[in-house]
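Coordinate analysis (summary)
Listed here are the chains, written in short residue letters.
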Amino acid sequence: MKFYLYFLLILFKTSFSQVTHSTKPTTTRRNDCIELSPYCTCLGGPWYIYCGNFSSFSQLDFTLFGETRNISYITLYPKQPLILNNSLNLNGLRLLDNVVLNNLEGIDLRQNPFEKWNSKDNLSLQIFSSNFSKSMDCDSKLINDNFRPIFSSFKTVLFGYRNDYPVELCPLLFYNASLSYLNISNLYYTINPKFSKISGLSTIHSNIDVLLILSGHGTRITNGLMNGLIFENLNTVWISNTVLQKIDDDAFSNIYNMKFLNFSIVNFKNFFKNSTNKWMQSLNTKIKVDYSDSESLVENQNNSLLVNLNPLHSSFFFYFTDDDYENFQYFPHNNFVFARIVMLYPLNCSTTMNFLLKNVLYYPLEFGNVNTTATLKCISGLTTNSIQTTISTENTTSNIAVKGFLNFYLFTAIFLINLMINNYFNA
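The following paragraphs examine the structure supplied in this document. Just so it is clear, the structure is predicted and the values come from calculations on it, not from any experiment. (Residues numbered from 1 in each chain as written. Predicted model: local features only at pLDDT ≥ 70, side-chain atom pairs only at ≥ 80, totals over all residues. Heavy atoms only, no water.)

A word on the overall build of the protein
For the record, the criterion: Strands here mean DSSP runs of E at least two residues long; helices mean DSSP runs of H or I at least four residues long; both are numbered from the N terminus. Relative accessibility decides the category of a residue: with a 1.4 Å probe and only protein chains considered, values under 20% of the type maximum give buried, values over 50% give exposed, and everything between is partly exposed. Whether two residues are in contact is decided by their heavy atoms: any pair within 4.5 Å suffices. Working definition of accessibility: Shrake-Rupley area with a 1.4 Å probe, residue cover restricted to the visible protein chains.
Each helix and strand in the protein was counted, giving six helices and 17 strands. Per-residue burial for the protein yields a buried fraction of 53% across its 427 residues. Intrachain contacts of the protein at a sequence separation of at least 6 include 79% that bridge at least 24 residues. Carbon and sulfur atoms provide 49% of the accessible area of the protein, an area that totals close to 18900 Å².

Okay, here's the thing in structure tokens:
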């Protein structure tokens, strides 16, 4: 349960970031940084800077404060598209929390105006209204002892609304990055970041814990997005509140360490019904397990992948009936992949349910993660021939009853909260 509460907090924070994002100050308070006129204002208080009346980063001089000022929120919105480089001089500022950048046309890999900060400073970077039209010089020869590209300075990164990606982005942006999450939002079928391939590199030391895809219409997940270097240590992919149009068959073929994949999409039924879903075969492809071999199970106990199938955010619920079997026939059990099915009440044990849950008792982590209200009838009736850790029928049934009700209340809360967030955006 702690696992899902953690992601609930992430949803709150990222939703709040995008709700409160503004391209101009909205308060009528006094200007607390008159020294930066005419380029910047601090109408929200001395810790909040908005700079929008400039056409070059070199026009901004924060040393005019006279002494270093603590800044919780800085928003930069140039009047014309700019390349982010060291012409942005942040001397005079001590950044504490949020950096919001708008109207970028590219990022210079060789320069990082945020170099004095690192992931331990817990800064969040948010990028909006940018058209990444300038190609990056993406070459492994850039890597040396002094190479510190921009994302290595932050703890979280959000690619938000009104961004476009006409050229490929360079994976080296994430060299030595240590992000608790990367949020790529507002994706459309034709507005989708792609990362270029770099030959001769086996690692860029990128550590991204969670990839969030939280909004978009006609979202497409491709192999170009799911870059193996960027996401070499990716733990979780959380897809929520988006209309998902397609997942390419090889989308996850270079992602080897993922532990959790969430689907709580708006068009759950249409997506799974109208797709071949062969992309499932690309999940956890480096792992092959023999469920009849206890040694194989022990060797791979840290290599499982859990796929959360949650139709509660959809306009139409999905009941995993017999007719749905062909939509999940490619579910890769042999790759040590498990299904977690979510519904507000116990579902009937259809052919589809039994297929998706057939190996559930072998799940090596906390059993409550796969044990939901939806599977109450089915898991209680499952038996297993050879499991190293024996689970008694009595304990299993009790465990299902208790944790099933807990899951019911938790996901009801998540459903209502996301409904409120959606209503806010549509208001």
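Quick look at the pattern of salt bridges
Counted only if it meets this: Basic side-chain nitrogens of Lys or Arg form a salt bridge, by our definition, when they fall within 4 Å of a carboxyl oxygen of Asp or Glu.
In the structure shown here, the tally under the stated rule is five salt bridges. Close ionic contact of Asp248 with Lys246 constitutes a salt bridge, the shortest N to O distance being 3.9 Å. With a relative accessible area of 11%, Asp248 lands in the buried category. For Lys246, a relative accessible area of 35% gives the class partly exposed. One salt bridge in this structure joins Lys273 and Asp324, with 2.5 Å as the shortest N-O distance. Here the residue Lys273 occupies a position in helix H2 (residues 268-274), and Asp324 occupies one in the loop between strand S16 (305-309) and strand S17 (337-341), the gap between them amounting to 51 residues.

Quick look at the state of the cysteines
The test is simple: The rule for a disulfide is simple: a pair of cysteine sulfur atoms within 2.5 Å.
This structure, assessed with the given rule, holds four disulfides. Disulfide pairing places Cys138 opposite Cys170 at an S-S distance of 2.0 Å. Across the S-S bond linking Cys138 and Cys170, the dihedral sits near 70°, which makes this disulfide right-handed. Of the two residues, Cys138 sits in the loop between strand S7 (124-128) and strand S8 (156-159) while Cys170 sits in the loop between S8 and strand S9 (178-184), which places them 32 residues apart along the sequence. A residue is classified by how much of its surface remains accessible, and Cys138, at 24% relative accessible area, is partly exposed. Covalent S-S linkage joins Cys349 and Cys378, the inter-sulfur distance amounting to 2.4 Å.

Side note on the pairing of S7
Here is the rule we go by: Strand pairing is assigned whenever DSSP detects at least two bridges linking the two strands.
Judged by how many residues are buried, S7 sits mostly within the fold: five of five residues are covered. The alternating pattern of S7 places Ser124, Gln126 and Phe128 and Leu125 and Ile127 on opposite faces, both of which are buried. Examined bridge by bridge, strand S5 (residues 93-102) and S7 share five bridges and lie parallel to one another. Each bridged residue has a counterpart across the sheet, and for Asn102 the counterpart in S7 is Phe128. The pairing of S7 with S8 spans four bridges and is parallel. The residue bridging Leu125 from the neighbouring strand is Val157, located in S8.

Some words on the environment of Asn334
In this structure, Asn334 sits in the loop between S16 and S17. Counting along the chain gives 44 residues from Asn334 to Asp290, while the straight-line C-alpha distance between them is 7.1 Å. Those residues within four positions of Asn334 in sequence are excluded, and the remaining contacts are Ile287, Lys288, Val289 and Tyr291.

Points about the packing of aromatic side chains
Operational definition: In this scheme Phe, Tyr and Trp rings, the latter by its six-membered ring, pair at centre separations within 6.5 Å, and the angle between planes marks the pair as stacked below 30 degrees, edge-to-face above 60, and tilted otherwise.
Under the definition given, this model contains 29 aromatic pairs. With a centroid separation of 5.1 Å and an interplanar angle of 65°, the aromatic rings of Phe114 and Phe154 are classed as edge-to-face. Linking Phe114 in the loop between strand S6 (104-107) and S7 with Phe154 in the loop between S7 and S8, this pair joins segments that are 40 residues apart in sequence. A residue is classified by how much of its surface remains accessible, and Phe114, at 1% relative accessible area, is buried. With a relative accessible area of 0%, Phe154 lands in the buried category. With a centroid separation of 5.2 Å and an interplanar angle of 80°, the aromatic rings of Tyr325 and Phe355 are classed as edge-to-face. Taken together, the residues Tyr325 in the loop between S16 and S17 and Phe355 in helix H4 (residues 351-356) connect sequence positions 30 residues apart. With a relative accessible area of 33%, Tyr325 lands in the partly exposed category.

Observations regarding unusual backbone geometry
With an omega of 5°, the peptide bond running from Ser37 to Pro38 counts as cis. Structurally, Pro38 can be placed in the loop between helix H1 (2-20) and strand S1 (40-41). In this model, Ser129 sits at a positive phi of 50°, which is unusual for a non-glycine residue. Within the chain, His205 stands out as a residue other than glycine whose phi angle is a positive 55°. Position of His205 relative to the elements: it lies in the loop between strand S10 (187-188) and strand S11 (207-213).

Quick word on a nonpolar patch on the surface
Defined as follows: Exposure above 30% relative accessible area and no salt bridge define the residues that can form patches, which grow by joining like charges within 9 Å and nonpolar side chains of Val, Leu, Ile, Met, Phe, Trp and Tyr within 5 Å.
On the surface, Tyr319, Leu344 and Tyr345 cluster together into a nonpolar patch covering about 260 Å² of accessible area. The residue Tyr319 is located in the loop between S16 and S17 in this model.

Examining the environment of Cys170
What makes Cys170 buried here is its relative accessible area of 0%. Residues Cys170 and Leu109 lie 61 residues apart in sequence; the distance between their C-alpha atoms is 8.5 Å.

A closer look at the nonpolar core
As a reminder, the rule being used: Residues belong to one nonpolar core when they are buried, are Ala, Val, Leu, Ile, Met, Phe, Trp, Tyr or Cys, and are joined through side-chain atoms within 4.5 Å.
Ranked by size, the top nonpolar core spans 121 residues in total, and within it Ile49, Phe62, Phe174, Phe252, Leu261, Phe263 and Leu309 carry the most contacts. Looking at which element gives the most residues to this core, the answer is S11, with five residues. Discounting chain neighbours no more than four positions away, the residues touching Phe263 are Ile239, Leu244, Ile247, Phe268, Phe272, Trp279, Val307, Asn308, Leu309 and Asn310. Formed by five residues, the second largest nonpolar core is a distinct cluster that contains Val100, Phe128, Leu158 and Tyr161.

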